[in-house]
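One-letter residues, chain by chain:
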Amino acid sequence: MHGKELLIKGIEELGIEVNEIQIQQFLKYYEMLVETNKVMNLTGIVDLDEVIVKHFLDSLLVVKVIDMTKYNSMIDVGTGAGFPGIPLKIMFPHLRVTLLDSLNKRLIFLNDVIKELQLKNIETVHGRAEDIGKDNEYREKYDICVSRAVANLSTLAEYCIPFISKEGKFISYKSEFSEEEKENAEKAIFELGGTVCGSVIKQLPLSDIQRRFILIDKKRRTPNKYPRKAGVPSKKPIM
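Rules and cut-offs
Residues numbered from 1 in each chain as written. Predicted model: local features only at pLDDT ≥ 70, side-chain atom pairs only at ≥ 80, totals over all residues. Heavy atoms only, no water. Pairing = 2+ DSSP bridges. Helix = DSSP H or I, 4+ residues; strand = E, 2+ residues; numbered from the N terminus. Axes fitted to C-alpha atoms, helices over the stretch in contact; angles between N-to-C directions. Contact = heavy atoms within 4.5 Å. Core = buried A, V, L, I, M, F, W, Y, C linked by side-chain atoms within 4.5 Å. Buried < 20%, exposed > 50% of the residue type's maximum accessible area, 1.4 Å probe, protein only. Polar contact = N/O pair within 3.5 Å; in protein donor to acceptor, adjacent residues only side chain to side chain. Salt bridge = Lys/Arg side-chain N within 4 Å of Asp/Glu carboxyl O. Parallel < 35°, antiparallel > 145°, perpendicular 65-115°, else oblique. Left-handed = near helix turned anticlockwise from the far one by under 90°. Nonpolar A, V, L, I, M, F, W, Y, C, P; charged D, E, K, R; others polar.

K.L.:
Any details on the sheet that holds strand 2 (residues 96–101)? Residues and values, ideally.
P.N.:
In space, the 7 strands of this open sheet follow the order 3-2-1-4-5-7-6, with mixed pairing throughout. Both outer strands of the open sheet, strand 3 (122–126) and strand 6 (194–203), are each paired with one neighbouring strand and no more. Taking each pair of neighbouring strands and ignoring which way they run, the sheet shows an average axis angle of 20 degrees. The strands touched by helix 7 (residues 153–160) are strand 1 (73–77), strand 4 (142–147), strand 5 (164–174) and strand 7 (210–218); relative to strand 5, the strand with the most contacts, the crossing angle is about 140 degrees. In the packing of helix 8 (residues 179–191) onto the sheet, the strands contacted are strand 5, strand 6 and strand 7, and the crossing angle to strand 6 comes to about 140 degrees.

What follows is the structure in structure tokens.
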């Protein structure tokens, strides 16, 4: 089983209905990813089957922990090559989506993808989360924030929680996660107006890879002093 068949089977295993237009969008996205990757480092994974499992299905795996149909707006912080934001937008076209990244050339690629796939109600924003999180156009404006970015949870929380409206959710995609990291992050999360409501491990379809999701509910508004200046959250996480 390869390519298209693998994609259909994987998505069906996640319990989502997929149509031919969406399948073609994924395959076109893959083509553009591999082509652009020749001139820009977007991903270390270029084999079609691997991209399907480790990028596309991994991005969609969050459906095993929350019902995406219940949310209207989403921001993907540190989106990189568009994961998990674009696969989620393809499968849940009702979502209003913002893709945030600090590297403009990645966003030029993503804008090409958005245009080619004819995705509507999705935008890219160039900047650092610490700066954009202070901007009233984006601050506390989203039902969900997702991030596959690699950083410790305290730092990620400071990047992401300011974007979520009260009663919204921040979902962090983790591969490695220790009890110590969780304990260290809990104070930061509380300080930022959130509370950890779950830490769930799910297995990726068609693989033996496991992915952990940290689910954080936003209970109060984030104090105005957060996020701190660019670079500070990573150097001095809230403890």
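K.L.:
Residue-level account of the nonpolar core, with values.
P.N.:
Counting residues in each nonpolar core, the largest one holds 53 residues, and the members touching the most others are Tyr29, Phe56, Met68, Ile86 and Phe109. If we skip the residues at most four places from it in the chain, Phe109 touches Tyr29, Met32, Leu33, Thr36, Met40, Leu42 and Ala81.

K.L.:
Tell me about the pairing of strand 1, residues and numbers included.
P.N.:
The element strand 1 is extensively covered by neighbouring structure, given that 5 of its 5 residues are classed as buried. Burial of strand 1 is two-sided: the residues Ser73, Ile75 and Val77 facing one way and the residues Met74 and Asp76 facing the other way are all buried. Here 5 bridges tie strand 1 to strand 2, and the two strands are oriented parallel to one another. Looking at strand 2, one finds that Asp76 is bridged to Leu99.

K.L.:
Talk me through helix 7; I want residue IDs and the actual numbers.
P.N.:
When you tally the buried positions in helix 7, you get 8 out of 8 residues, the bulk of the element. For helix 7, every residue scored as buried is listed here: Leu153, Ser154, Thr155, Leu156, Ala157, Glu158, Tyr159 and Cys160. Where helix 7 starts, the residue carrying a side-chain oxygen 2.9 Å from the main-chain nitrogen of Ser154 turns out to be Asn152.

K.L.:
Go over the pattern of salt bridges with me, naming the residues and quoting the values.
P.N.:
Tallied over the entire structure, the rule returns 16 salt bridges. One salt bridge connects Arg128 with Glu130, and the closest N-O pair in it is separated by 3.5 Å. A salt bridge links Glu158 to Arg228, with the shortest nitrogen-to-oxygen separation between them at 2.7 Å. Here the residue Glu158 occupies a position in helix 7, and Arg228 occupies one in the loop between strand 7 and helix 9 (232–235), the gap between them amounting to 70 residues. Residue classification places Glu158 among the buried positions, given a relative accessible area of 0%.

K.L.:
Go over the packing of helix 2 (residues 20–37) against helix 5 (residues 104–116) with me, naming the residues and quoting the values.
P.N.:
Where helix 2 contacts helix 5, the axes come no closer than 10 Å and their chain directions differ by 155 degrees. With respect to each other, helix 2 and helix 5 are oriented roughly antiparallel. Classified by chirality, the crossing of helix 5 by helix 2 is right-handed. Each of Lys28, Tyr29, Met32, Leu33 and Thr36 in helix 2 lies in contact with helix 5, whose residues at this interface are Phe109, Asp112, Val113 and Glu116. Broken down by class, the residue content of the contact of helix 2 with helix 5 amounts to 5 nonpolar, 1 polar and 3 charged.

K.L.:
With reference to specific residues and values, describe unusual backbone geometry.
P.N.:
Look at the link from Phe83 to Pro84: it is a cis peptide, with omega at 5 degrees. Note on placement: Pro84 falls in the loop between strand 1 and helix 4 (85–91). Going from Tyr226 to Pro227, the amide bond is cis rather than trans, its omega being -5 degrees. Here Pro227 lies in the loop between strand 7 and helix 9. In this structure, Gln118 is a non-glycine residue whose phi angle is positive, near 55 degrees. Inspection of the secondary structure assignment puts Gln118 in the loop between helix 5 and strand 3. According to the relative accessible area criterion, Gln118 is exposed, its value standing at 61%.

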